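Read off the chains here:
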Amino acid sequence: MSRRRGLAALLGPPLLWLVVAYLGALAVIFATAFWTTDPFTNQVVRTFTLENFADLFSPTYLRIIGRTLLIAALVTVLCIAIAVPLAFFMARVAPRRLRGLLLAAVLVPLWASYLVKAYAWRTMVQPDGVLDNAFGATPGYGFGALVLTLTYLWLPYMVLPVYAAFERLPETHLEASADLGARPLATFRRVVVPALLPAIAAGSIFTFSLSLGDYIAVQIVGGKLQVLGTAVLQNITLDLPFAAALGTVSALIMVLYLLAVRRTGALDNL
Amino acid sequence: MRLGRGAKIALTAFATVVFTFIYVPILVVTLNSFNSDRTFGWPPPGFTTQWWNLALQAQGPRDALLVSVKAGLGATAIALVLGTLLALALSRFDFFGKHAISILVVLPIALPGIVTGIALQSVIQNLLTPVFGIGAGLFTIIVGHATFCIVLIFNNVTARLRRMGGSLEQASADLGARPFTTFRRVTFPLLRSSLLAGALLAFALSFDEIVVTTFTAGPDSQTLPIWIFNNLFRPNQAPVVNVVAVVLIIVSIVPVWLAQRLAGADAAESRI
């Protein structure tokens, strides 16, 4: 058997699956974004139009896109702000024998059901719920609760790469910096942060993309809040081409984001 | 970096707060499954196992559990075959377009799930149902899940193949074994634990998935997460939903815990 035939036998089935079941479906939905619907039957009509994309620039949808980007950005920033000190503690401050345990403690909730975690926050923020009784205040369903829940959901995706980066950072670099007279804060800014950037970028791919595409958590804790995901959902039955255009926009934002962070070497850190 | 005592105490306090933040919501859900108050008033006024009994007898969650298990097994089986083939091809051969394929395999989990969801839904409605007579149901759920489970198997097997190197396979070939014999007697036994680890992760992911499943599940084939979501906003179902949620936590954590132990040294290399 020639090597070429062997390769074809290995590659054939998985490529056929991914191209037909996945890329084929994606191609259909991107094409749909350029079609229109019959105003009476709501059926998709296959005539080319850019109208769906023009409609995106209406104030309503610009606001929804802006709000979604703001949520994704806030969640990413919060995840970074929590993950960096936490990962530093796990990798450098905590006793060595505890490190594996701490890592597992971050990993386990990552795999607990996404839906259940969103649901857990619903019971946390509900009126007369845990937060209300513990602190006498709750953000209630809405923007604040959604940012909090998404931060909670995606935090492990940021902690893991940052922790790995701290582990890789040689102790000697930190000592050299201190020996050269740098105070801890200067060492952090000039030695630690540059070493962390690719890891943070890698984590942000998840925190950003997952926040961008979310439409389940927002229904559970977001109250009546409208984001890209819910807008897609509402248009599917009546105006599939417009829903497809909204979906295309979120995929496009994500591709641009991937291209932007690729420069930091984030993709090798996934 | 020499940290002062104050900084160390501050960091420890910070980490304690974060770990509390991570675990309290999960703990609250678990405790609420024993909360005698129907609307989960906090602190719980009393302890009861009534909801667990109710949930264990309810037909809805039981049917949904069956669908979830079937979907998980089906998707895992397909992903095992396709992911292993792909990992072997990409680790043991050099060819044009290799880089593109390694991106293609990650794409199903990197792009927003809702895009994948509406894409599959429109294929089901416009092609599968009218042309092949296949409606949304268990089959379409499995197809969707298998597509993003491939990457889990692929990552686990690739990590193992990289660590193994190719010398054992070469030795086998030198001794006259045909490629399939080499795979059966050399490669496969070495891959076995990484396949099991990947399969457990794939099953856990499939078991928990809701974003794509919403669009591929038919009215008669609800998975457990879909059942929870559909009943989430019905006040009188709340206690049963909560019990099912606890079951879901346990079912999705145990396989991952096992997978971590099985994968051993590979685990550090593949994080997803």
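Here the structure is a predicted model, which is why all the values come from computation and not from measurement.

Here is what the cut-offs are and how they apply
- Residues numbered from 1 in each chain as written.
- Chains lettered and ligands numbered in written order.
- Predicted model: local features only at pLDDT ≥ 70, side-chain atom pairs only at ≥ 80, totals over all residues.
- Heavy atoms only, no water.
- Helix = DSSP H or I, 4+ residues; strand = E, 2+ residues; numbered from the N terminus.
- Buried < 20%, exposed > 50% of the residue type's maximum accessible area, 1.4 Å probe, protein only.
- Contact = heavy atoms within 4.5 Å.
- Areas by Shrake-Rupley, 256 points an atom, 1.4 Å probe, with all protein chains shown as cover.
- Lys, Arg positive; Asp, Glu negative; His and termini not counted.
- Charge placed at Lys NZ, Arg CZ, Asp CG, Glu CD.
- Salt bridge = Lys/Arg side-chain N within 4 Å of Asp/Glu carboxyl O.
- Polar contact = N/O pair within 3.5 Å; in protein donor to acceptor, adjacent residues only side chain to side chain.
- Nonpolar A, V, L, I, M, F, W, Y, C, P; charged D, E, K, R; others polar.
- Axes fitted to C-alpha atoms, helices over the stretch in contact; angles between N-to-C directions.
- Parallel < 35°, antiparallel > 145°, perpendicular 65-115°, else oblique.
- UniProt positions renumbered as here; feature names shortened; annotations may be inferred.

Undergrad: How should the overall build of chain A be read in this particular structure?
TA: Per the secondary structure count, chain A includes 12 helices and two strands. Listed N to C, the secondary structure of chain A is α-β-β-α-α-α-α-α-α-α-α-α-α-α in terms of helices and strands. For chain A, the residues scored as buried account for 53% of the 270 residues in total. Sequence-distant contacts, at least 24 apart, represent 70% of the contacts inside chain A between residues at least 6 apart. Working note: accessible area of chain A is about 12,300 Å², and carbon and sulfur atoms make up 65% of it. Here chain A holds 19 positive side-chain charges and 12 negative ones, and the gap between their average locations is 10 Å.

Undergrad: Looking at this structure, how should I read the interface of chain B and chain A?
TA: A common measure of how large an interface is: the accessible area buried when the components associate. Facing the 80 residues of chain B at the interface are 86 residues of chain A. Linking chain B with chain A are zero salt bridges. The interface formed by chain B and chain A holds six residue pairs in polar contact (both at pLDDT 80 or more) in total. Looking at which element gives the most residues to the side of chain B that touches chain A, the answer is helix 1 (residues 5-32) of chain B, with 16 residues. In terms of residue class, the side of chain B that touches chain A is built from 63 nonpolar, 12 polar and five charged.

Undergrad: In this structure, what is going on with the packing of helix 5 (residues 114-125) of chain A against helix 1 of chain B? I would like to understand it.
TA: When two helices pack together, their arrangement is captured by the angle between the axes and the distance separating the axes. Orientation of helix 5 of chain A relative to helix 1 of chain B, taken along the N-to-C sense of each, is 80 degrees, at an axis distance of 9 Å. When the axes of helix 5 of chain A and helix 1 of chain B are compared, the pair comes out roughly perpendicular. From helix 5 of chain A, V116, Y119, A120, W121, T123 and M124 of chain A reach across to helix 1 of chain B, where they touch F21, V24, P25, V28, V29 and N32 of chain B. Looking at side-chain class alone, the contact of helix 5 of chain A with helix 1 of chain B contains 10 nonpolar, two polar and no charged residues.

Undergrad: Is there a simple way to explain the side chain of T76 of chain B in this structure?
TA: All names here are of chain B. Mapping T76 onto the fold places it in helix 3 (residues 59-92). A polar contact is formed between the side chain of T76 and the backbone oxygen of G72, at a distance of 2.5 Å. Not counting chain neighbours up to four residues away, the residues in contact with T76 comprise A199, A202 and F203.

Undergrad: So what exactly am I meant to see when it comes to the UniProt feature "transmembrane region" (unreviewed entry) in chain A here?
TA: Listed under "transmembrane region" (unreviewed entry) in the UniProt record, and renumbered for this structure, are residues 7-35, 64-89, 101-121, 141-166, 187-208 and 240-260 of chain A. When the span residues 64-89 of chain A is considered, its composition is 100% helix and 0% strand, and the gap between its end C-alpha atoms is 38 Å.

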